[in-house]
Amino acid sequence: MAQLLSVRLRLILLLLIPSLMYVFTSVYMLQMNHSTAEALTSSLYETADRSTSLILNADRDMYQALTAYQLLVSGTLNGEEKATQLKALQENIEQTNTRVGQAVAILKEKQLLQTAHAETNTTIEQNAADFQVSFDQWVKGANSVVQSGAVGKGVVNDPKLMDVFEKGRAPLNRIGEIMDEDAHRSITDVEAKNRTTARGVYIGVAVVLLSLLLLGGVVIRKIMQTVRRILDVTDKIAAGDLRIQPQQTYARDEFGKIAQAIDLMLNNMKSLIGTIAQHTQYVHDASNDLSDSSKESARAAEHVAANIQEMAQEVEVQARSSEETSRAIEEMAIGIQRVAENASIMSDHSTHTSEHAGLGHTMLVKLQEQIVHMLNAVEQLSGTVQSLTRKSDQIGEIASSITSFANQTNILSLNASIEAARAGEHGKGFSVVANEIRKLASQSLASADTINQLIDETRVEIASVSTSMAQTRQEASEGSRLMTEVNQSFDTIHSSVTQIVTQIHETSAITQQMSASSEEISATMDHAAASSSQMMTRSQAVAAATEEQLAMMENIAAASEQLRTVVDALTGAVAVFKIK
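Conventions we followed
Residues numbered from 1 in each chain as written. Predicted model: local features only at pLDDT ≥ 70, side-chain atom pairs only at ≥ 80, totals over all residues. Heavy atoms only, no water. Helix = DSSP H or I, 4+ residues; strand = E, 2+ residues; numbered from the N terminus. Buried < 20%, exposed > 50% of the residue type's maximum accessible area, 1.4 Å probe, protein only. Contact = heavy atoms within 4.5 Å. Salt bridge = Lys/Arg side-chain N within 4 Å of Asp/Glu carboxyl O. Expected span 1.5 Å × (residues − 1). Core = buried A, V, L, I, M, F, W, Y, C linked by side-chain atoms within 4.5 Å.

*Asks:* I would appreciate a short explanation of the overall build of the protein in the present structure.
*Replies:* A count of helices and strands for the protein gives seven helices and zero strands. The N-to-C order of helical and strand elements in the protein reads α-α-α-α-α-α-α. A buried classification covers 27% of the 580 residues belonging to the protein. The contacts in the protein between residues at least 6 apart in sequence include a share of 87% that link residues at least 24 apart.

*Asks:* Help me understand the pattern of salt bridges, please; the structure alone is not making it clear to me.
*Replies:* A side chain of one charge can pair with a side chain of the opposite charge when the charged atoms of the two come close. Enumeration over the complete set of coordinates arrives at seven salt bridges. A salt bridge links Asp 61 to Arg 60, with the nearest nitrogen and oxygen atoms 3.5 Å apart. A residue is classified by how much of its surface remains accessible, and Asp 61, at 0% relative accessible area, is buried. Residue classification places Arg 60 among the partly exposed positions, given a relative accessible area of 39%. Note that Asp 163 and Lys 167 form a salt bridge whose closest N and O atoms lie 3.6 Å from each other. Placement of the pair is Asp 163 and Lys 167 together in helix α5 (residues 159-238), with a separation of four residues, close to one helical turn. By relative accessible area, Lys 167 is classed as partly exposed at 49%. By sharing partners, the salt bridges in this structure join Asp 59, Glu 166 and Arg 169 into a single network.

*Asks:* What should I look at first to understand α5 in this one?
*Replies:* Since the α-helix advances by 3.6 residues per turn, residues separated by three or four positions end up pointing in the same direction. Between its first and last C-alpha atoms α5 spans 115 Å; for 80 residues at 1.5 Å apiece the expected length is 118 Å, and the two agree. A positive backbone phi angle near 90° is found at Gly 240, which sits one or two residues after α5.

*Asks:* Would you mind showing me how to read the nonpolar core here?
*Replies:* A general tendency of soluble globular proteins is for nonpolar side chains to be buried together. Residues Tyr 69, Leu 89, Leu 107, Ile 124, Phe 135 and Trp 138 are the most contacted members of the largest nonpolar core, which totals 37 residues. Only α1 (2-72), α2 (79-109), α3 (124-148) and α5 provide two or more residues apiece to this core. Ranked by residue count, the leading element in this core is α1, at ten residues. Ignoring anything within four residues of it in the chain, the contact list for Tyr 69 reads Leu 89, Trp 138, Ala 142, Val 145, Val 146, Val 155, Val 156 and Leu 161. Core analysis: the second largest hydrophobic core is formed by seven residues, Val 233, Ile 237, Leu 242 and Ile 244 among them.

None of the figures reported here should be taken as evidence of function without further support.
This is the structure we're talking about:
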């Protein structure tokens, strides 16, 4: 009963879980649809609010522009006030055009330019164009009047210009009305669609749940009927009662096929158990005869196997000795072969070492030549530094001469100034020239001092470079001497490596010859060992065949005993079932 309840509970859960999931999914979709509708409503309100706000601000700017125009043509303003109002007029005109353009851009982005007015049937795009034409016409007329300087009450309230102004405002009002109507209509449509969708979903959920419950109840009832009959049949079969009557009719579905298959299985079991019960006695008698014959054959085969086993042991001793000798020779041949391979590898490495030693000798010769060239370059650079030292000394002498000339010129200019002072009024011009000469002498003296300072610094640097060049030349000479010694060492290494290569080649040839001889000996021993192995294999095969025959006889005897036991057990098992 607990099992039946468990199956029924599982079937009910199998029915309820998809239903609950469907309900949950439907409710979730309705919530999502509601959220989408709210988001769309918010977006419509936002678009309408932004565009309407821009239109209203544009209308306000138009009125402010009209006010500025009327003040300009009223004749009551002074110069500064006229400039202020003229600036306000232009700014409001520009702001009006800008805001209308922004509103049209927003509506174009939302694809609302073709939305029509309910009464005039004009679209937003047409109203925007009408506004632009009328407003441009009013701006042109207003600017013309302001520039002409006309004033007076007739100019302020010019009927034609005011009519153009009002024509410009009318499209703006229609655009605002269109936006309000479209937002209200769109929101109403969205809410109506949302309600229709929710109603359809609820009806669908109810229909699906009712259908699932009805169909599930029918299917569960049918399954439980089949399960009860299967349990009843299997309980009787477990108790050994096969006297169960089959059904008269079967349903044309999977449950009917299950019931028909159980009845067919029950009939087959009845037939099988009846046949087993009839033949069990015959098998019992045959197994007794087979057991006696197999015991006699086993005793004869055992005697033959003992004689063959003795012969096989003697042949096995001989074959084992041959194998051990052959294995020792093979190991020796392998060792000689490895020695030959190692000698060949050493020969190759020695050859490469000789080649690299030759390359190293060549590179050392080139390096020695480069050091000699570097030493020559250092010698040339040392000569150049000495030449620079001499020339700097000459420049120092010239600078000393310039200093001497500047001092003498300075003294002469002082003397000239003294003489000009003695000459009085007639010596003023000469005094000016003497002052200029004194200034030039002072500048020459300062330049000469700078040159002397630079020459002293240059002499110090040249002396330092000369010292460094002397050390470099000494180190280069020492490097050349060391490279000569290294070159001699490489010559000695190259000669020794060449001799080692020759000796290794000779050793490799000898080991290869020894390896060939050991392989011939190993082949001869392998042939002898193979002959002994064949003899041992044949004798072992005969012994094995005899042992297999003996084992087969023993197995037959054991099988006959087991068969007797099985027949007894089968007879007892068949006796449990009730067929008639």
